[in-house]
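A closer look at the structure
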Amino acid sequence: MFIGHYAPAYALKGAVPKTSLALLFIATQFVDILFFPFVNMGIERLKIVPHYTASTHFDLEYYPFTHGLLATILWGGLFYLLFRYVFPSKSRSKAVAWAMALGLVSHWFADLIVHTPDLPLWSDASPKVGFGLWNYKNATFATEVILLLLGFGFYMRKTRVVSSWGKIGPYVLLGLLLLAGYLNLYVLPPAEDTMSLMTLALVSYFLFAAIAWATERGRVALALEPARA
Ligand SMILES: [Zn+2]
């Protein structure tokens, strides 16, 4: 899954207003942010196979450290500890730590919908799961778009505009996400090699997070506003 991963990021931002939307964008893609470098370092393995599924061009051969359920929960636990006890921030709290951890772990469950049975439960030798929606390209796109719109709608209802950028910024980001999701599924050719795949993926993830950061400057959570007399 690609843009659908941002649905839980928006939803968690709506539910826990003190959490950073930009950091949630990183959290929900965190295991992928590790995965592509791990592939290029030889720690995990992905083979580029054009049209391996109707929606993807790669065979995910070996990735228990980023996409095992157990590993994902452990990374989520690390995020909890970091955002509860380590990072210096005045907005640090139990709720924020939970949101960041849940955002990270949500990645595995979103991937579960689309991947073929290649997601390990605990190790590479353990049973592997995946419902295989990637075998249906239009259904994959529709699912990602619907999830994203649901998360986005919740976020918009839970926040309000404080500057003109706050009015258009969220829609600029939403439009970019939808465009990236469309290009990824319908337009872009298979990546030449794992290095260019990593570059495209990481640039996208960090660019979206940066725009999310900018978007946040223009909106305020309704729950954080002082009560009106
Ligand atoms: Zn993934």
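Residues numbered from 1 in each chain as written. Predicted model: local features only at pLDDT ≥ 70, side-chain atom pairs only at ≥ 80, totals over all residues.

1. Things to note about the overall build of the protein
- Of regular secondary structure, the protein possesses nine helices and six strands.
- Here the protein has a C-alpha radius of gyration of 18 Å; the compact-globule value for 229 residues is 17 Å, and the two agree.
- Taking the principal axes of the C-alpha coordinates as reference, the protein spans close to 60 × 40 × 30 Å.
- Across the 229 residues of the protein, 38% fall into the buried class.
- Considering only intrachain contacts with a sequence separation of at least 6, the fraction spanning at least 24 residues in the protein is 68%. (Helix = DSSP H or I, 4+ residues; strand = E, 2+ residues; numbered from the N terminus. Rg over C-alpha atoms; globule rule 2.2 N^0.38 Å. Buried ≥ 20, exposed ≤ 12 C-beta atoms within 10 Å, placed from the backbone. Contact = placed C-beta atoms within 7 Å.)

2. Considering the packing of helix α1 (residues 6-15) against helix α2 (residues 21-28)
- Packing of α1 against α2 leaves a shortest axis separation of 9 Å and a crossing angle of 145 degrees. Relative to α2, α1 is oriented so that their crossing is right-handed. Contacts between α1 and α2 involve Tyr6, Pro8, Ala9, Leu12 and Lys13 from the first element and Leu21, Leu24, Phe25 and Thr28 from the second. (Axes fitted to C-alpha atoms, helices over the stretch in contact; angles between N-to-C directions. Left-handed = near helix turned anticlockwise from the far one by under 90°.)

3. Examining the nonpolar core
- Of all hydrophobic cores here, the largest spans 54 residues; its most connected members are Phe25 and Met100.
- Listing elements by their share of this core, those giving two or more residues are α1, α2, α3 (30-41), α5 (69-86), α6 (94-114), α7 (137-158), α8 (164-187) and α9 (194-217).
- It is α6 that contributes the most residues to this core, 11 residues altogether.
- Setting aside chain neighbours within four positions, we find Phe25 in contact with Tyr6, Ala9, Phe208, Ala209 and Ala212. (Core = buried A, V, L, I, M, F, W, Y, C linked by C-beta atoms within 7 Å.)

4. A look at unusual backbone geometry
- Not every positive phi belongs to a glycine, and His51 is a case in point at roughly 60 degrees.
- Within the secondary structure layout, His51 lies in the loop between β1 (45-48) and β2 (58-62).

5. Section: the environment of Ile33
- Mapped onto the fold, Ile33 is located in helix α3.
- Apart from the residues within four sequence positions on either side, Ile33 is in contact with Ile26, Leu202 and Tyr205.

6. Examining the packing of α3 against α9
- Two elements in contact, α3 and α9, have axes whose closest approach is 9 Å; the angle formed by their N-to-C orientations is 160 degrees. Classed by the angle they form, the pair α3 and α9 counts as roughly antiparallel. For α3 against α9, the interelement crossing comes out left-handed. For the pair formed by α3 and α9, the contact residues are Asp32, Ile33, Phe36, Pro37, Val39 and Asn40 on the first element and Thr194, Met195, Leu197, Met198, Ala201, Leu202 and Tyr205 on the second.
- Here the contact of α3 with α9 is composed, by residue class, of 10 nonpolar, two polar and one charged. (Parallel < 35°, antiparallel > 145°, perpendicular 65-115°, else oblique. Nonpolar A, V, L, I, M, F, W, Y, C, P; charged D, E, K, R; others polar.)

7. A closer look at α5
- Taking 1.5 Å of rise per residue, the 18 residues of α5 would be expected to cover 26 Å, and the 24 Å separating its terminal C-alpha atoms lies within 8% of that figure.
- Every buried residue of α5 is accounted for by Thr72, Trp75, Gly76, Phe79, Tyr80 and Phe83. An end-on view of α5 places all buried positions within 150 degrees of arc, on one side of the element. Opposite the buried face of α5, by more than 90 degrees, sit the exposed residues Tyr85 and Val86.
- Buried positions along α5 lie against α2, α3, α4 (64-67) and α6. (Expected span 1.5 Å × (residues − 1). Arc of directions from axis to C-beta.)

8. A word on α7
- In this model α7 runs 32 Å from its N-terminal to its C-terminal C-alpha over 22 residues, within 8% of the 32 Å that 1.5 Å per residue would give.
- Three or more residues of α7 are buried, namely Thr140, Phe141, Glu144, Leu147, Leu148, Gly151, Phe152 and Tyr155. Along the axis of α7, the buried residues cluster in a sector spanning 140 degrees; they form a single face. Along α7, the residues that are exposed and aim more than 90 degrees away from the buried face are Asn138, Ala142, Ile146 and Arg157.
- Along its buried surface, α7 packs onto α1, α6, β5 (159-161) and α8.

9. Some remarks on the environment of Thr66
- Position of Thr66 relative to the elements: it lies in helix α4.
- When sequence neighbours within four positions are dropped, the list of residues in contact with Thr66 reads Val31, Leu34, Phe35, Phe38, Glu44 and Ala71.

Interpretation note: all reported values are geometric properties and have no functional meaning in isolation.
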